[in-house]
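An overview of the molecular structure
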Amino acid sequence: MKIELKKKSTCAPESYFEKHCKTGNPCSSNQELFLKAQKIHRKSVRLLRAIIILAFLTLWESAAYLGWIDDFIFSSPSRLVLCFFNLTQDGVIWQHIRITLLETVVSFLLVVGITVLASILLWSKKSISETVEPYLVILNSLPKSALAPLLIVWLGANYRTIIVTGMSVAIFGSILSLYQGFLGVDPDRIRLIETLGGNRRHVLTKVVLPANIPNLLSIMKVDVGLCLVGVVIGEFISSRCGLGYMIIYGSQVFKLDWVILGIVILCIIAMGLYEILVMMEKWYRKKIC
């Protein structure tokens, strides 16, 4: 049995201006001014962000140069650039970045896959969801840093332990969030499928999953940062490479430039991964619109 439903657009309805501009009709001067103002606003926001970063870096460098802060403890932008250049000479920094990035991506993909499968299972079997949901809430509330030493004892000090640690930070909350999204689907649309003779599989594939793709993308944007946090926690405890190891080793031998450089690189990685997911979300919204 094949059931086709007209997709309900998640986009806002087109305004009179958008409809007429798409068909090539002339736009009024007020509408053109509105579009121009929106473009100027977006550019001003980007410019303001850049100014804030530049002002912070300038103040940091000036404070270190003038002796307001101890550059051995707080470092400075110039010292970080020099430290990064020195670490690139033997390729050590690239190895640390590659390991941390790989572990984060693997744990993130596993979290997304398990989240979708587990949420489908909980939605399909009400008896399972009623039994398991309290345990998911408890596991999600546990401090994951406390689980890391146990995972090392159970799984050993290897990459697998770090990946599992990264997963443990994000997976329980993402399952609960996506499952609640499944439960929040419009019951009228589900009732329509059932009225037409559809079964649970049709409801899942035609209504529940399509309606929750925006929700899944939002969850993924949160999970990618949580997986990175979990990976760094694992590297603090059981790794001999990676940015987490570089940070903890630098603090032990008082190479504080390594510590701050590692934190800066982690921020850049988190921002890059987040922007990739934002681009995916924008592409999906354009596609369904």
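About the cut-offs
- Residues numbered from 1 in each chain as written.
- Predicted model: local features only at pLDDT ≥ 70, side-chain atom pairs only at ≥ 80, totals over all residues.
- Heavy atoms only, no water.
- Helix = DSSP H or I, 4+ residues; strand = E, 2+ residues; numbered from the N terminus.
- Buried < 20%, exposed > 50% of the residue type's maximum accessible area, 1.4 Å probe, protein only.
- Phe/Tyr/Trp six-rings, centres within 6.5 Å; stacked < 30°, edge-to-face > 60°.
- Lys NZ or Arg CZ within 6 Å of the ring centre and 35° of its normal.
- Salt bridge = Lys/Arg side-chain N within 4 Å of Asp/Glu carboxyl O.
- Patch = residues over 30% accessible without salt bridge, like charges linked within 9 Å, V, L, I, M, F, W, Y side chains within 5 Å.
- Areas by Shrake-Rupley, 256 points an atom, 1.4 Å probe, with all protein chains shown as cover.
- Lys, Arg positive; Asp, Glu negative; His and termini not counted.
- Charge placed at Lys NZ, Arg CZ, Asp CG, Glu CD.
- Expected span 1.5 Å × (residues − 1).
- Arc of directions from axis to C-beta.
- Contact = heavy atoms within 4.5 Å.
- Axes fitted to C-alpha atoms, helices over the stretch in contact; angles between N-to-C directions.
- Parallel < 35°, antiparallel > 145°, perpendicular 65-115°, else oblique.
- Nonpolar A, V, L, I, M, F, W, Y, C, P; charged D, E, K, R; others polar.
- Polar contact = N/O pair within 3.5 Å; in protein donor to acceptor, adjacent residues only side chain to side chain.

One non-glycine residue, serine 75, adopts positive backbone phi at about 60°. As for its position among the elements, serine 75 is in the loop between helix H3 (71–74) and helix H4 (77–89). The phi dihedral of phenylalanine 254 falls on the positive side, at around 60°, and the residue is not glycine. Tracing the sequence through the fold places phenylalanine 254 in the loop between helix H12 (243–252) and helix H13 (256–288). What makes phenylalanine 254 exposed here is its relative accessible area of 57%.

It is worth spelling out the packing of aromatic side chains at this point. Summed over the entire model, instances satisfying the criterion amount to 4 aromatic pairs. Between phenylalanine 84 and tryptophan 94, the ring centres sit 5.6 Å apart and the planes meet at 85°, which makes this aromatic pair edge-to-face. With phenylalanine 84 in helix H4 and tryptophan 94 in helix H5 (residues 92–124), this pair connects stretches of sequence that are 10 residues apart. With relative accessibility at 46%, the residue tryptophan 94 sits in the partly exposed group. An aromatic cluster of at least three residues, connected via ring pairs, comprises Tyr245, Tyr249 and Trp258. Taking the ring centre of tryptophan 123 as reference, the NZ or CZ of arginine 200 above it sits at 3.9 Å.

To continue, consider the pattern of salt bridges. As enumerated under the stated definition, the model contains 5 salt bridges in all. The salt bridge involving aspartate 188 is made with arginine 191; its shortest N-O contact spans 2.7 Å. Here aspartate 188 and its partner arginine 191 are both found in helix H9 (residues 187–195), 3 residues apart, which amounts to about one turn of the helix. We note a salt bridge from glutamate 281 to lysine 221, for which the minimum N-O separation is 2.8 Å. A residue pair is termed long-range when its members are at least 10 positions apart, and glutamate 281 in helix H13 and lysine 221 in helix H11 (residues 213–238) qualify at 60 residues. Classification of glutamate 281 as buried rests on a relative accessible area of 11%. Salt bridges linked by common partners bring Asp71, Arg79 and Asp257 together as one network.

On the surface, Leu59, Tyr65, Leu66 and Trp68 cluster together to form a nonpolar patch covering roughly 570 Å² of accessible area. With relative accessibility at 53%, the residue leucine 59 sits in the exposed group.

All right, on to a positive patch on the surface then. On the surface, Lys36, Lys39, Arg42, Lys43, Arg46, Arg49, Lys282 and Lys286 cluster together into a patch of positive charge. For the positive patch, the elements supplying multiple residues, two or more each, are helix H2 (29–65) and H13. Here the positive patch takes 6 residues from H2, the largest share from any one element. Take arginine 49: its relative accessible area is 57%, and that puts it in the exposed class.

The next thing to look at is helix H7 (residues 144–155). Taking 1.5 Å as the rise per residue, H7 with 12 residues should run 16 Å; its terminal C-alpha atoms sit 16 Å apart, in good agreement. For H7, every residue scored as buried is listed here: Lys144, Ala148, Leu151 and Ile152. Looking straight down H7, one finds its buried side chains confined to an arc of 100°; they lie on one side. Projecting away from the buried face of H7 at angles above 90 degrees are the exposed residues Val153 and Trp154. Contacts from the buried residues of H7 go to helix H6 (126–141), helix H8 (159–183) and H11.

Close contact between H2 and H4 brings their axes to 8 Å; oriented N to C, the two are set at 95°. As summarised for this structure, H2 and H4 are arranged roughly perpendicular, according to the angle between their axes. The segment H2 lies against H4, with Leu57, Trp60 and Glu61 engaging Pro77, Ser78 and Leu80. Looking at the contact of H2 with H4 residue by residue, the class counts come to 4 nonpolar, 1 polar and 1 charged.

Below, the discussion takes up the environment of histidine 202. Summarising the element assignment, histidine 202 is placed in helix H10 (residues 200–211). By relative accessible area, which is 5% here, histidine 202 ends up buried. Here the alpha-carbon distance between histidine 202 and isoleucine 190, two residues 12 residues apart in the chain, equals 9.3 Å.

Before going further, it helps to examine the side chain of serine 168. Relative to the assigned elements, serine 168 resides in helix H8. There is a polar contact of 2.7 Å between the side chain of serine 168 and the backbone oxygen of threonine 165.

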